[in-house]
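Structural description and commentary
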Amino acid sequence: MTKSKRTTAAPPSPPVLGPRALNRATLARQLLLSRSPMSATAAVDHLVGLQAQNVKPPYYALAARLDGFTPEALSRPMADREVVRIVTLRSTIHTHTADDCLTLRPLVQAARDRELHHFRAGLAGVDLDRLAATARALVEEEPRTMKELREALLEDWPDADPQALSVAARCKLPLVQVTPRGLWGRSGQVRLTTAEHWLGRPAGPAPASAPDATVLRYLAAFGPASVKDMQTWAGLTRLRDAFERLRPRLVTFRDENGAELFDLPDAPRPDPDTPAPPRFLPEFDNLLLSHADRTRVVPPELKGRHWQGNIAYRTLLVDGALAGLWRLDGDALVIEPFGHLDRTRWAEVTAEAERMLGVLHPGTAYDIRFGTVRG
């Protein structure tokens, strides 16, 4: 009598999420399917910061996401030092909560150190630890502009490249932009001091658990996502180990190209047919910058359409996806759609435009019209 061989069933393949399912899940996390009643500070925390290369984008970003938002809702906590502007993710300026400023900046310090390699020729003979100590003393004595900081550092290192000196100070120290810079309608010149001095408490080294905690927060705001997606968002490498440590706590999917996607078990993943209303987003909104594969928001045929050289344009979402550009030009809001908007869509876009203008530019009459934004 022969014994039958036992066969072990292969584990089931992870479910596949198409671009539309990923789109709706990400929009839900990004507070773009329906506006949230949370406060501006809570939203900045949930979104793990807002891109803030310019002063106004965080305000437009929150106006698109929050119910009852007013510019003062962000200006007030910024003036009270509950949120700050600082270089963090991808070596770009972000608006973060005070807590995130003190924890995320140490997490990305290795990337800032790598950035310095591009300036090593201009820093020949410069002791970077001494430079950091000198720069810290200068900006904590009083907030300084980059020009003032650069000129002061040149006194100690006259043969160094001036730009390299200021970049080194920015990379070695967590420099925040002090108010009134960043306040709606009151923004002044960029002046810098250290985060510790501005906030009155130390940052300290990034705890060993910081990557894991940040992975969970990234997925809550941008998931489902791959390891490469998060690395693109953070401007970091070697995050695979953190995802593997967290794997027992996560669920996995695949996209249509076979890439493994991680997510929080209880995070929202709405029906792909869930309606997505139009939204006006600022330039550099993190929705469009935080995945290696951006097809969940940017249709393949529109790749690169919201950029021109080093310029990023303000974007219009229709049905959850990039559908055009917009700008304010005098007394007009000019919209450049990438395709045809039927009467119903145009009415929805116009209503959203009027709402956005009422929130951020109350009392000012704007003509809403089609036009050309680029060029």
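Preceding block: the structure.
A few points on the structure.

Definitions and cut-offs
Residues numbered from 1 in each chain as written. Predicted model: local features only at pLDDT ≥ 70, side-chain atom pairs only at ≥ 80, totals over all residues. Heavy atoms only, no water. Helix = DSSP H or I, 4+ residues; strand = E, 2+ residues; numbered from the N terminus. Buried < 20%, exposed > 50% of the residue type's maximum accessible area, 1.4 Å probe, protein only. Pairing = 2+ DSSP bridges. Salt bridge = Lys/Arg side-chain N within 4 Å of Asp/Glu carboxyl O. 1 Å grid on protein atoms, 1.4 Å probe; cavity = no way out; pocket = protein on both sides within 12 Å on 5 of 7 lines; lining within 4 Å. Points joined across faces, edges and corners; volume = space filled by probe spheres on them. Nonpolar A, V, L, I, M, F, W, Y, C, P; charged D, E, K, R; others polar. Axes fitted to C-alpha atoms, helices over the stretch in contact; angles between N-to-C directions. Contact = heavy atoms within 4.5 Å. Phe/Tyr/Trp six-rings, centres within 6.5 Å; stacked < 30°, edge-to-face > 60°.

This part covers the environment of Val 251. The residue Val 251 is located in strand E6 (residues 251–254) in this model. You can call Val 251 partly exposed: its relative accessible area is 25%. In this structure, the C-alpha to C-alpha distance between Val 251 and Leu 261, residues 10 residues apart in sequence, is 8.4 Å.

Moving on, we come to the sheet that holds strand E3 (residues 93–97). Across the sheet, which stays open at both edges, the five strands sit in the order E1-E3-E2-E4-E5 with antiparallel pairing between neighbours. Each end of this open sheet is capped by a strand with a single partner; those strands are strand E1 (50–51) and strand E5 (192–194). Here three bridges tie strand E4 (residues 175–177) to E5, and the two strands are oriented antiparallel to one another. Counterpart to Val 176 in the pairing with E5 is Thr 193.

The subject of this paragraph is the pairing of E6. Note that E6 and strand E7 (residues 260–263) share four bridges and pair antiparallel. Looking across to E7, one finds that Thr 252 is bridged to Phe 262. Counting the residues in the hairpin turn of E6 and E7 gives five residues, including Gly 258, whose phi is positive at 90 degrees.

A pair can form between side chains of opposite charge whenever their charged atoms are brought close. Tallied over the entire structure, the rule returns 31 salt bridges. Here Arg 24 makes a salt bridge to Asp 319, at a shortest N to O gap of 2.6 Å. Of this pair, Arg 24 sits in helix H1 (residues 19–29) while Asp 319 sits in the loop between strand E11 (314–318) and strand E12 (321–329); the two residues are 295 residues apart in sequence, bridging distant segments of the chain. With a relative accessible area of 0%, Arg 24 lands in the buried category. Between Asp 263 and Arg 29 there is a salt bridge, with the nearest N and O atoms lying 2.7 Å from each other. Residue Asp 263 is found in strand E7, and its partner Arg 29 is found in helix H1; the two are separated by 234 residues along the sequence. According to the relative accessible area criterion, Asp 263 is buried, its value standing at 0%.

Taken as a whole, the largest pocket encloses approximately 210 Å³ of empty space. If you go around the largest pocket, you meet 16 residues; those closest to its centre are Leu 22, Asp 255, Asn 257, Asp 293 and Thr 295. Where the lining of the largest pocket is concerned, the elements lending two or more residues are H1 and helix H12 (227–234). Here the lining of the largest pocket is composed, by residue class, of six nonpolar, four polar and six charged.

Our next topic: unusual backbone geometry. Look at the link from Thr 179 to Pro 180: it is a cis peptide, with omega at 20 degrees. By the element assignment, Pro 180 lies in the loop between E4 and E5. Cis geometry marks the peptide bond from Gly 223 to Pro 224, where omega comes out at -5 degrees. With respect to the secondary-structure elements, Pro 224 resides in the loop between helix H11 (210–222) and H12. A positive phi angle is found at Leu 31, which is not glycine, with a value near 65 degrees.

The mixed open sheet is built from five strands, whose spatial order is E8-E11-E12-E13-E14. If you trace the sheet from one side to the other, it starts and ends with strand E8 (279–281) and strand E14 (367–370), each paired once. On average, each strand axis in the sheet is inclined to that of its neighbour by 30 degrees, with strand direction left out of account. On the sheet, helix H14 (residues 343–360) packs against E8, E11, E12, strand E13 (332–337) and E14 and is oriented at approximately 140 degrees with respect to E14.

With that settled, the discussion passes to the packing of aromatic side chains. Where two aromatic rings form a pair, the distance of their centres and the angle of their planes describe that pair. Throughout the structure, instances matching the rule amount to 10 aromatic pairs. Their ring planes at 40 degrees and their centres at 5.1 Å tell us that Tyr 218 and Trp 233 sit as a pair that is tilted. In this pair, Tyr 218 is assigned in helix H11 and Trp 233 in helix H12, connecting sequence segments 15 residues apart. Residue Trp 233 is classed as buried on the basis of its relative accessible area of 0%. A ring pair is formed by Phe 243 and Phe 262, whose centres lie 5.0 Å apart and whose planes are at 55 degrees; its orientation type is tilted. In this pair, Phe 243 sits in helix H13 (residues 240–246) while Phe 262 sits in strand E7, placing the two residues 19 residues apart along the sequence. Exposure class is identical for Phe 243 and Phe 262. Each is buried. What links up through ring pairs into an aromatic cluster is the set Tyr 59, Tyr 60, Trp 184, Phe 280 and Trp 326.

That's the geometry; what it means functionally is another story.
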